[in-house]
Amino acid sequence: MILIKGHWREFAGRLTRVLADGSKSTVYSAPDWDVAGTAERRSTLYLLESQGAGPMDDRPLAGHIRAISDDGTQWTFGDFASLESNENADGGTRYGFRNLPAECAAQLPAGMPPASYTGDVDSHPYSIALSGRTAYVADAGANSVVSVDLRSGDTETVAVLPPQPYRITAEVAAALQLPDCVVGRTYAFEPVPTVVAVGPDGWLYVTTLPGGPEDPRLGAPGSVYKVNPDNGRVRLFADDALSPTGLALDDDGDIYVASLFGNGVLRINGDDGQRTVLTGKLTADVSIRDSKLYASTDALPAPNQAPDGKLVSIDLDGHSRH
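Parameters at a glance
Residues numbered from 1 in each chain as written. Predicted model: local features only at pLDDT ≥ 70, side-chain atom pairs only at ≥ 80, totals over all residues. Heavy atoms only, no water. Phe/Tyr/Trp six-rings, centres within 6.5 Å; stacked < 30°, edge-to-face > 60°. Helix = DSSP H or I, 4+ residues; strand = E, 2+ residues; numbered from the N terminus. Buried < 20%, exposed > 50% of the residue type's maximum accessible area, 1.4 Å probe, protein only. Core = buried A, V, L, I, M, F, W, Y, C linked by side-chain atoms within 4.5 Å. Contact = heavy atoms within 4.5 Å. Salt bridge = Lys/Arg side-chain N within 4 Å of Asp/Glu carboxyl O. Disulfide = S-S within 2.5 Å. Pairing = 2+ DSSP bridges. Axes fitted to C-alpha atoms, helices over the stretch in contact; angles between N-to-C directions.

Draft legend 1. Just the packing of aromatic side chains, in detail. According to the stated counting rule, one finds six aromatic pairs in the structure shown. Residues Tyr-46 and Phe-77 carry aromatic rings whose centres are separated by 6.4 Å and whose planes lie at 85° to one another, so their mutual orientation is edge-to-face. On the criterion of sequence distance, the pair formed by Tyr-46 in strand E5 (residues 44–51) and Phe-77 in strand E7 (residues 74–77) is long-range, its members being 31 residues apart. The class for Tyr-46 is buried, based on a relative accessible area of 9%. Look at Phe-77 and you get buried, because its relative accessible area is 11%. Seen in terms of ring centroids, Tyr-205 and Phe-237 are 5.5 Å apart; in terms of plane orientation they differ by 80°. Their pairing is edge-to-face. Of this pair, Tyr-205 sits in strand E17 (residues 204–208) while Phe-237 sits in strand E19 (residues 234–241), placing them 32 residues apart in sequence. For Phe-237, a relative accessible area of 31% corresponds to the partly exposed category. Taken together, Phe-97, Tyr-166, Tyr-187 and Phe-189 form an aromatic cluster joined through their ring pairs.

Draft legend 2. A look at the nonpolar core. Counting 17 residues, the largest nonpolar core has Phe-97, Leu-100, Ile-168 and Val-182 as the members making the most contacts within it. Contributions of two or more residues to this core are made by strand E8 (94–97), helix H3 (170–175) and strand E15 (186–189). Ignoring sequence-local partners within four residues, the contact set of Leu-100 consists of Ala-105, Leu-108, Ala-115, Val-182 and Arg-185. Formed by 15 residues, the second largest nonpolar core is a distinct cluster that contains Tyr-46, Ile-65, Leu-83 and Ile-128.

Draft legend 3. A look at unusual backbone geometry. Look at Val-192: it is not a glycine, yet its phi comes out positive at around 50°. Even without a glycine there, the phi angle at Leu-282 is positive, about 50°. Within the fold, Leu-282 resides in the loop between strand E23 (273–279) and strand E24 (285–289).

Draft legend 4. The pattern of salt bridges, seen in detail. Taken as a whole and assessed by the stated rule, the structure comprises eight salt bridges. Residue Arg-66 is joined to Glu-49 by a salt bridge in which the shortest nitrogen-to-oxygen separation is 2.9 Å. Linking Arg-66 in strand E6 (residues 62–69) with Glu-49 in strand E5, this pair joins segments that are 17 residues apart in sequence. Pair check on accessibility: Arg-66 and Glu-49 agree, each one buried. Between Lys-292 and Asp-315 there is a salt bridge; the shortest N-O distance is 3.3 Å. With Lys-292 in strand E25 (residues 292–297) and Asp-315 in strand E26 (residues 310–315), this pair connects stretches of sequence that are 23 residues apart.

Draft legend 5. Just the state of the cysteines, in detail. Across all of its chains, the model carries one disulfide by this definition. The disulfide partner of Cys-104 is Cys-181, and the S-S distance across this bridge is 2.0 Å. Its S-S torsion of about 90° marks the bond between Cys-104 and Cys-181 as right-handed, since a negative value means left-handed. Residue Cys-104 is located in helix H2 (residues 102–105), and its partner Cys-181 is located in the loop between H3 and E15; the two are separated by 77 residues in the primary sequence.

Draft legend 6. Broad picture of the sheet that holds E7. Taken in spatial order, the four strands of this open sheet run E4-E5-E6-E7, and their pairing is antiparallel. The two strands at the open ends of the sheet, each matched to only one other strand, are strand E4 (34–41) and E7. Taken over all neighbouring pairs, the strand axes of this sheet differ in orientation by 25° on average, direction set aside. Note: E5 against E6, eight bridges, orientation antiparallel.

So, in structure tokens, the structure goes:
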């Protein structure tokens, strides 16, 4: 079975279990919380809850891991909001333009972030992976990877992902209604880590969704990074991925990435680069179970309509099932 979860507040904070026969049941529901990221170990399910992510959210900043055992017992641990409030993981990182003249900065459209700024206090735990007695969490608000001790609940920053530089072309400036004076300049987007997974080599693999327009107007600026959990070293593994929001690894170390605004699921390895192995629209998440690749598609509802997400699968030999 595979667990498909709601990713945004509008999705009503619900976690659904989908069995092999297609039947569904609600595992957990918390309408006032963002519910994202799941991991299972023996008789316990782990998920992430958060509140107050982003400038448009007036809820107090809060976030933790919720554990649910088979007998229904629940408990929470790990305090992502306190960690971020105390440390501001990317507070020393500068985003935006470098040395943009004031007269050019004054022409930037309203609603855009400042021409240059450092990381704000923000937390939105989005993905969780287990390794030994540690849970690793991709915090999309803090732009960091965080470790949580499963026994003590101690929460620490493992690594901060680097800014994502992007050179503004005339075509992009026109599409985003930016002034001509920024053409040829580089804008450093926030990295926004979306998924963390533990690879067979012991490194953490993390997808990033640059904090700008997520549709194809910027091309494919998403990336996959490797993070050494022992020392926080960060290494680029792959780039040119469009809106990566899901990640799974097979036993050979090949990576499968769900491309939310792309054409489905991408397979990335060192031999043949990347290629689409499962076609789908609005593909938000991906998982591998029993030699099958599962993906959630149609993840975002049309305006004023209820979500109509689907679960699709494909044998890793290429034969698809729905």
